[in-house]
Amino acid sequence: MSNKEKHWQKTKGHMIMTMCLWAFFSMVIFLFGAEINGMSFLGYPLAYYMTAQGSLLAFVIIIFWFANKQEKIDEEFGFGEKED
Amino acid sequence: MFKGGFIQNLPKIYGLYTGGFLVFILMMAIAEQAGVTAKTIGILFVAFTVAIYALIGYLSRTVQVDAYYLAGRQVPTVFNGMATAADWMSGASFVALAGGVYFGGYSYMAFLVGWTGGYVLVSTLLAPYLRKFGCYTVPDFIGTRYGGNAVRFCAVLVLVLASFTYVTAQINATGTIAARALGIPFEAGVWVGLVSILLCSMLGGMRAVTWTQVAQYIVLIVAYLIPVFWISNKIGGGVFPHLMLGDEVQRITELEGQFGLVKNSAADVKAAGVPGGLKSIAVAHAGVGAGGMAVWKYISLAICMMVGTASLPHILMRYFTTPSVKSARKSVAWSLFFIFLLYSSAPMLATLSKISLIDPNLPTGIIGKSIADVQSIEWVKQWSSQKQVFIADFNGDGILQLNEWFMRTGVVVLATPEVAGLPYVISGLVAAGGMAAAMSTADGLVLAISNALSHDVYYNMIDPKADVRKRLIVARVLLIVVGAAGAYIASMRITSILGAVAWAFDFAMSGLFFPLVLGVWWKRATREGAIAGMLSGLAAGTMYLIWVYPKFMGNPAWLGIDHLRFGLIGAPVCLVVMVVVSLMTKAPDAATQRMVEEVRVPSGKTILGRQH
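As the structure is a computational prediction, the values presented were derived from the model and not from experiment.

Caption draft 1: Up close: the overall build of chain A. Scanning chain A from N- to C-terminus turns up three helices and two strands. When the helices and strands of chain A are read in sequence order from the N terminus, they spell out α-α-β-β-α. Across its three principal axes, chain A shows a C-alpha extent of roughly 50 × 30 × 10 Å. By the burial criterion, 38% of the 84 residues in chain A qualify as buried. Partitioning the contacts of chain A with sequence separation of at least 6, the portion at a separation of at least 24 is 56%.

Caption draft 2: Seen up close, the overall build of chain B. Of the regular secondary structure elements, chain B holds 28 helices and two strands. Principal-axis analysis of the C-alpha atoms gives chain B an extent of 80 × 60 × 40 Å. Going through the 612 residues of chain B one by one, you find that 56% of them count as buried. Sequence-distant contacts, at least 24 apart, represent 82% of the contacts inside chain B between residues at least 6 apart.

Caption draft 3: Spatial organisation of unusual backbone geometry. Of note in this structure, L42 of chain A is not a glycine but carries a positive phi near 55°. Note that L42 of chain A resides in the loop between strand 1 (40–41) and strand 2 (44–45). The residue A71 of chain B is not glycine, and still its phi comes out positive at about 50°. As for its placement among the helices and strands, A71 of chain B is situated in the loop between helix 3 (65–70) and helix 4 (77–88).

Caption draft 4: Layout of the packing of helix 9 (residues 186–201) of chain B against helix 22 (residues 468–491) of chain B. Residues and elements named next belong to chain B. Contact geometry for helix 9 and helix 22: axes closest at 9 Å, N-to-C directions at 160°. With respect to each other, helix 9 and helix 22 are oriented roughly antiparallel. Note on packing geometry: the crossing formed by helix 9 with helix 22 is right-handed. Taken together, the residues of helix 22 that come into contact with helix 9 (itself represented by E187, V190, W191, L194, I197, L198 and S201) are L479, I480, G483, A484, A487, A490 and S491.

Caption draft 5: Representation of the environment of S385 of chain B in the model. Residues and elements named next belong to chain B. With respect to the element layout, S385 can be found in helix 19 (residues 378–385). Residue classification places S385 among the exposed residues on the basis of 9 C-beta atoms within 10 Å. Sequence separation between S385 and M407 is 22 residues; the distance between their C-alpha atoms is 12 Å.

Caption draft 6: Quick look at helix 21 (residues 424–462) of chain B. Counted at 1.5 Å a residue, the expected span for helix 21 of chain B with its 39 residues is 57 Å, and the 54 Å between its end C-alpha atoms agrees. For helix 21 of chain B, a buried count of 34 out of 39 residues is recorded, marking the element as mostly surrounded by other parts of the structure.

Caption draft 7: Seen up close, the confidence of the model for chain B. Across chain B, pLDDT averages 90, with 98% of residues at or above 70. In the model output, the complex is listed with pTM 0.93 alongside ipTM 0.96.

Caption draft 8: The arrangement of the environment of V520 of chain B in detail. Residues and elements named next belong to chain B. With respect to the helices and strands, the residue V520 is situated in helix 25 (residues 513–521). Here V520 falls in the buried class, since 20 other C-beta atoms lie within 10 Å of it. Considering only alpha carbons, one finds V520 and F133, 387 residues apart in sequence, at a separation of 10.0 Å. With near-sequence residues (within four places) excluded, V520 lies in contact with Y129 and V599.

Caption draft 9: Quick peek at the nonpolar core. If you look at the biggest cluster of nonpolar residues, it comprises 230 residues, and the most contacted ones within it are I63 of chain A together with L220 of chain B. Broken down by element, the residue count for this core peaks at 19 residues, all from helix 21 of chain B. Excluding residues that lie within four positions of it along the chain, L220 of chain B makes contacts with A86, M89, F94, G433, A436 and A437 of chain B.

Caption draft 10: Highlighting the packing of helix 10 (residues 205–234) of chain B against helix 21 of chain B. Residue and element names in this part refer to chain B. Where helix 10 meets helix 21, the axes come as close as 8 Å, and the angle between the chain directions of the two elements is 150°. Between helix 10 and helix 21, the interaxial angle falls into the category roughly antiparallel. Relative to helix 21, helix 10 is oriented so that their crossing is left-handed. Along the contact surface, helix 10 presents G205, M206, V209, T212, Q213, Q216, V219, L220, A223, Y224, I226 and P227, while helix 21 presents I426, L429, V430, A432, G433, A436, A437, M439, S440, D443, G444 and L447.

Caption draft 11: How the structure looks around the interface of chain A and chain B. The partner chain B presents 43 residues to the 39 residues of chain A that form the contact. Top element by residues in the side of chain A that touches chain B is helix 3 (residues 46–76) of chain A. It accounts for 18 residues.

Caption draft 12: Region of interest: the environment of L402 of chain B. Residues and elements named next belong to chain B. Along the chain, L402 turns up in the loop between strand 1 (389–391) and strand 2 (405–407). For L402, a count of 19 C-beta atoms within 10 Å corresponds to the partly exposed category. Expressed as a C-alpha distance, the spacing of L402 and I366, which sit 36 residues apart in the sequence, is 9.3 Å. Setting aside residues no more than four positions away along its own chain, L402 makes contact with F259, G260, I281, I358 and I367.

Cut-offs used in this document
Residues numbered from 1 in each chain as written. Chains lettered and ligands numbered in written order. Predicted model: local features only at pLDDT ≥ 70, side-chain atom pairs only at ≥ 80, totals over all residues. Helix = DSSP H or I, 4+ residues; strand = E, 2+ residues; numbered from the N terminus. Buried ≥ 20, exposed ≤ 12 C-beta atoms within 10 Å, placed from the backbone. Contact = placed C-beta atoms within 7 Å. Axes fitted to C-alpha atoms, helices over the stretch in contact; angles between N-to-C directions. Parallel < 35°, antiparallel > 145°, perpendicular 65-115°, else oblique. Left-handed = near helix turned anticlockwise from the far one by under 90°. Expected span 1.5 Å × (residues − 1). pLDDT = per-residue confidence, 0-100. Core = buried A, V, L, I, M, F, W, Y, C linked by C-beta atoms within 7 Å.

Shown next as structure tokens:
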């Protein structure tokens, strides 16, 4: 397998991992909205908290994590960009 | 003080600008104490900020094609994040989001998740690859990846349909705010709004829009956060509302139980003469609806908004302007961070607004008091006269019940500062923030449409030999035409017929999401597949919309897929047709396959040259 193909394999794997995290915070937890709303976080009902703030914050963190790790993957295969 | 170029000095320039804006707010506060009228303060706020944007627009004028279309590809990561956030947060987000949460509760907040979660798709699937491609517009990518004018034209069609649905609502919002702040009729306000929008974009294209959007973001976030923090501290909600309003949310649930959540019948509401568009609280603040349908309605709406977000051209094109592929990726993260600051505050504002009104222990509470007393409160008088709030004494006992108090959604943002007893200067600030939000989104949309028409239709299809001067003249003329068309439709006041902002997301996801994603992620995707997918997805979505929308054919929604969710019909049709037709046609040639491989590697030159 060429360097390019290996890089793409790893990039795809990273993409799928990120999509799983995204699906968890955007869909999976809201499948159980009624069930988790009895729990409490910072005094808020949990489902209310997640839709008002928690999932939003999770998305911000996921994208920063995704971008940092993708940069490392690019550098590993010699496709990193020079600072400009 | 300013060594080096403009880009190196950006933090200093915008730091000074923010400081200047805060000083301006203080001056207005002093002016208010000195007896300047509320109306004058409102005019000064809107006029001053719009004048600043126009100045930035003038200073960013350009005669370069890549500056006009891509801001010279030198917008730093964090600043592009701010510009995208302003581009994203529309007048509707600013004025109506908190009101939507106030009335809609948990199920409405699917919009919050949808309008933020979509950025994960943007960063993983699209933005870095489109940046590497080096296109000027979204149809530019589709046209080059799949090859040919027919596919390019289909992409332009979807872009115009989605963006135009959105832009009239924005020009409508600028008109409403300008009319209110300047005391002029709505129709005149729309044209004032249009002129302000064009001042920011016409001379400098993307470059001017970028730097005004950064300035507009600063105004709108200051205008949103100051009232939230101030009110929270004033009513004892906590120093940092986002972390400390748990008790208030519980208290609201308790009060809802005490007062009872009553859904008024449409006949009662009509008989009492409640003006159209005003609502009473009928949905629990923090409760979650039970049952599979409630879950599906929540998740399906979130999916439509997320996938739509990742297909909206005016957002995607912001990531064409960063200096590198990795900064495009990081820039998506910063965009969402800046959006998060406002979106996570909207439910807090809704909570503060609701508790201020319904808690009888607070001096601002009105529910449970005598209607005669409530009607003599200054802000109630003022907003009643503008038909923004209304009291209907259904049971005739002279006491205001929860279901007898009606408000327009926008009132939550526009009037809460007054309700909580904040000085008028805050209301002026909120008007300036709303104007900034509506203008920045309108600018991005008008530019996306006119760039697609000038670059893809005019330059690529009609006159490929046109020189730079001619191209930029055409681009500017189209900008005025598109803006004027939007303003004309907005001034006819038929936006309620044109439907919800959500439609733009559904149109974009029906026609563009899969052609864009598969263009990068599936080498086997062919031109014929893309054309068939875009047209059938768009047609299926649009036909379903006509079939289901109450004002058109009004058939019952299938599986709960109503007119806000018609993308759930269009996008799968687009995917299936695109895959089937691609597999039936000849695989793309070796050059196209190499191009796709090249797009997947961040380093090296862009596919399309700097000037094309």
